[in-house]
Each structure stands twice: as C-alpha cells, then as structure tokens.
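# Structure assessment
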Amino acid sequence: MYFQVAADTTLGHINPMSDLNQPTAIFVADSHFHLNPDSAEQQRIRRFGELMLLAQKADHLFLLGDIFDFWFDYPHFRMRGFDEILQALDQVKAAGTTMHFVGGNHDIWAAQFLHQRYGTSKDAEPFVISLGQLRIKVCHGDGLLGYDWAYNAFRTMVRTRLGIVLAKSLHPEILYAFSEWLSGQSRGATRDEAGRIEEKAQTWIDQCREDQWDLMIIGHVHHRFEVSSGKQRLTALAGWFDHPGYAIVQNGEFKLLDFEKDPRPSF
Ligand SMILES: [Mn+2]
C-alpha cells in the first residue's frame, strides 16, 4: 500500500512529496562519553539509552562522531568502559536497525571495532545516502568550517598516518590525558563562537560546488543550526553532551528535535 501525505511547506525544496513507506532514521552526535562518567554523564547515558530504544524501531541509526570522547585502538588492547553504551547499541543492531558511524576527531579510531561489532563502514568516512527522496551527506564536520583551531592538534594526530604512528608510540595513559585536556579546550571555544560558526557555514554552503546531496548533516560544533543556499541545506546537530538534541527522518521529512522538550516520534 502506498500512501501520500501533503507536502511539507517548510521543507518544500527538500521534500516535495512525502510518503509513509519512506525509511525512518535517527541521527545523534557528540555525546563525548567518557571512560569514567560522573553523575551528570550517567544521566546523559541513561537518556542515550532511551534514544537507543527509539532507534530499535527505526530503519537507520546514524552516529555522527565524537560519540566517545576517547577511543584509541591498539592491536591487542582496548580500553575498559563504555559497556552500557555498547550494550544499548547491541540491542539496536539486534532489532534489525541498519547502523552507520562517521568518525569524529575524538573517536575515528573506533571505526574498526564498530565495523566488526555493528556492521558500520570500515573507514567511518563521510558518505552520501538516499533515504527515500532525500539525498543526505553525513559527516562529523571537523575541519569543515575552519573555525576549530582548538581541535587541530588532536585532529592531526588521529587523522593522519604520521600522527597515528606517533600517537601509538605514546603510553595509552599519556594519550588519554592529552585527549582529556584537548576535549576541555575545544568545547569552551565552540560555545563562544556560535554566531561566527553560522556565518562561516552560510559562506561555505553559498560556495559549495557539490551537487550529489540536498541535505548535509554535521555534528562537532555542539551548536544546533540550519543554513541553506538554493536547493541545499546544511544542518548541525546539538551535541548530546551539551543538550539532548537529535534528528530524525520520517515520512520523507528531516527534523531537528529536542529529546527533553519535543514529543518523541513513533516509528
Ligand atoms: Mn568533534
């Protein structure tokens, strides 16, 4: 049975016609879960668990990077911790939801582990996917808008071959301490720069020459916004660390939502 509902006027250029057979999806980024969660973080983990219950009913779950504040992969060792989160993700996979992971600057090294456990892509690089009529590009967003000076040292370390060789030569506890320090630096910078981030995003999309997507979804900036140019839209999720923001696709529509304030969708 094929249903059609009225076109959404607010997303008219993206969503000329919705239908109820279109796939459903959940997007979340920047939870920055730590190995030793404090009480505030334990609350964020519980809420994330609730989001994952919702994800069990969706067709797709997109984890858009920096889900973990620290994840380095060694050939024979993995850090202790994250059990509750990994088990919640196990349940999502068991429910039949297709899982996607795009690595952030803090957790790109989780790519192989998550690939093996959840079937996400091997390299965790950005990609374009069609969900019904929506052509979506998903990426973490680090390095995209050029404002994130505070991330650069860490990003260079985890995203370049030489950086990885150097990082793996450090004792894991030293690397962990370094990542904790940089993590504090970067979040402070982004909160102060919200207006400038949106300006740069607008300039970026105005100059964008990519034509294989209609909607690009990023995380990283910990600041929810949407800008558009012509037929293209760029949107950033609120970081789950700062605020329980997430996004869904349902009935061919993309929506940014607040997990505390907005009614939760039924899939
Ligand atoms: Mn990031």
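This report concerns the structure included in the present document. (Residues numbered from 1 in each chain as written. Predicted model: local features only at pLDDT ≥ 70, side-chain atom pairs only at ≥ 80, totals over all residues.)

### Some details on the pairing of strand 6 (residues 215-218)
Here is the rule: For every residue, the other C-beta atoms within 10 Å of its own C-beta are counted; 20 or more classify it as buried, 12 or fewer as exposed, and values in between as partly exposed. C-beta atoms are placed from the backbone. Strands are runs of DSSP state E lasting at least 2 residues, helices are runs of H or I lasting at least 4, and numbering of each runs from the N terminus. Note on pairing: two strands pair once DSSP finds at least 2 bridges between them.
Neither face of strand 6 is exposed, since Leu215 and Ile217 on one face and Met216 and Ile218 on the opposite face are all buried. When strand 6 meets strand 8 (residues 232-236), the two strands line up parallel, connected through 4 bridges. The residue of strand 8 that forms the bridge with Ile217 is Thr235.

### Comments concerning unusual backbone geometry
One non-glycine residue with positive phi stands out, namely Asp30, at about 55°. With respect to the element layout, Asp30 can be found in the loop between strand 1 (25-28) and helix 1 (39-55). The buried category is assigned to Asp30, around which 29 C-beta atoms lie within 10 Å. Even without being glycine, Phe82 reaches a positive phi, approximately 65°. Examined against the element boundaries, Phe82 turns out to sit in the loop between strand 2 (60-63) and helix 2 (83-94). Phe82 sits in the buried class, given 20 other C-beta atoms within 10 Å.

### Notes on the pairing of strand 3 (residues 98-101)
How we decide: With the strands pointing away from the viewer, any crossover whose connection runs clockwise from the first strand over the helix to the second is right-handed.
Where strand 2 meets strand 3, 4 bridges bridge the pair, whose relative direction is parallel. Bridge pairing links Leu63 to Phe101 in strand 3. With helix 2 bridging strand 2 and its parallel neighbour strand 3, the resulting β-α-β unit is right-handed.

### Some remarks on the sheet that holds strand 6
Applicable threshold: Here an axis means a line fitted to C-alpha atoms, over the contact stretch when the element is a helix, while the angle between two N-to-C directions is reported on a 0 to 180 degree scale. Any pair of residues counts as being in contact when their C-beta atoms, constructed from backbone geometry, are within 7 Å of one another.
Here 5 strands make up an open sheet; going across it, the order is 4-5-6-8-7 and the pairing mixed. Since the sheet does not close on itself, it has two edges, and those belong to strand 4 (127-131) and strand 7 (225-229), each with one partner. Adjacent strand axes in the sheet meet at a mean angle of 20°, parallel and antiparallel pairs treated alike. Helix 7 (residues 194-207) contacts strand 7 and strand 8 of the sheet and is inclined by roughly 30° relative to strand 7.

### Concerning the sheet that holds strand 3
In sheet architecture, strand pairing relies on hydrogen bonds along the backbone and comes in two forms, parallel and antiparallel. The 5 strands are arranged 3-2-1-9-10 in an open sheet whose pairing can be described as mixed. Looking at strand neighbours, the two that pair on one side only are strand 3 and strand 10 (253-258), the edges of this open sheet. Taking each pair of neighbouring strands and ignoring which way they run, the sheet shows an average axis angle of 20°. In this fold helix 1 packs onto strand 1, strand 2 and strand 9 (245-250), with an angle of close to 155° to the strand it touches most, strand 1.

### Description of the packing of helix 1 against helix 2
Here is the rule we go by: Angle categories: roughly parallel below 35 degrees, roughly antiparallel above 145, roughly perpendicular from 65 to 115, and oblique for all the rest. The residue classification treats Ala, Val, Leu, Ile, Met, Phe, Trp, Tyr, Cys and Pro as nonpolar and Asp, Glu, Lys and Arg as charged. All others, Gly included, are polar.
Two elements in contact, helix 1 and helix 2, have axes separated by 9 Å at closest approach and are oriented at 10°. Taken together, the axis directions place helix 1 and helix 2 in an arrangement best described as roughly parallel. Here Ile45, Phe48, Gly49, Met52 and Ala55 of helix 1 come into contact with helix 2, specifically with Glu84, Ile85, Ala88, Leu89, Gln91 and Val92. Looking at the contact of helix 1 with helix 2 residue by residue, the classes come out as 8 nonpolar, 2 polar and 1 charged.

### Notes on the environment of Ile248
Take Ile248: it is sitting in strand 9. On the basis of neighbour count, Ile248 is assigned to the buried category, with 21 C-beta atoms found within 10 Å. In this structure, the C-alpha to C-alpha distance between Ile248 and Ala58, residues 190 residues apart in sequence, is 9.3 Å. Those residues within four positions of Ile248 in sequence are excluded, and the remaining contacts are Thr24, Ala25, Ile26, Lys255, Leu257 and Pro265.

### Topic: the nonpolar core
The cut-off we apply is this: Only buried residues count toward a nonpolar core: Ala, Val, Leu, Ile, Met, Phe, Trp, Tyr and Cys, linked into one set through C-beta atoms within 7 Å.
Grouped together as the largest cluster of nonpolar side chains are 56 residues, with contacts concentrated most on Ile26, Phe27, Val28, Leu64, Ile217 and Leu237. Other than its neighbours up to four places away in sequence, Leu237 contacts Phe27, Val28, Ala29, Leu64, Ile217, Gly219, Arg224, Gly245, Tyr246 and Ala247.

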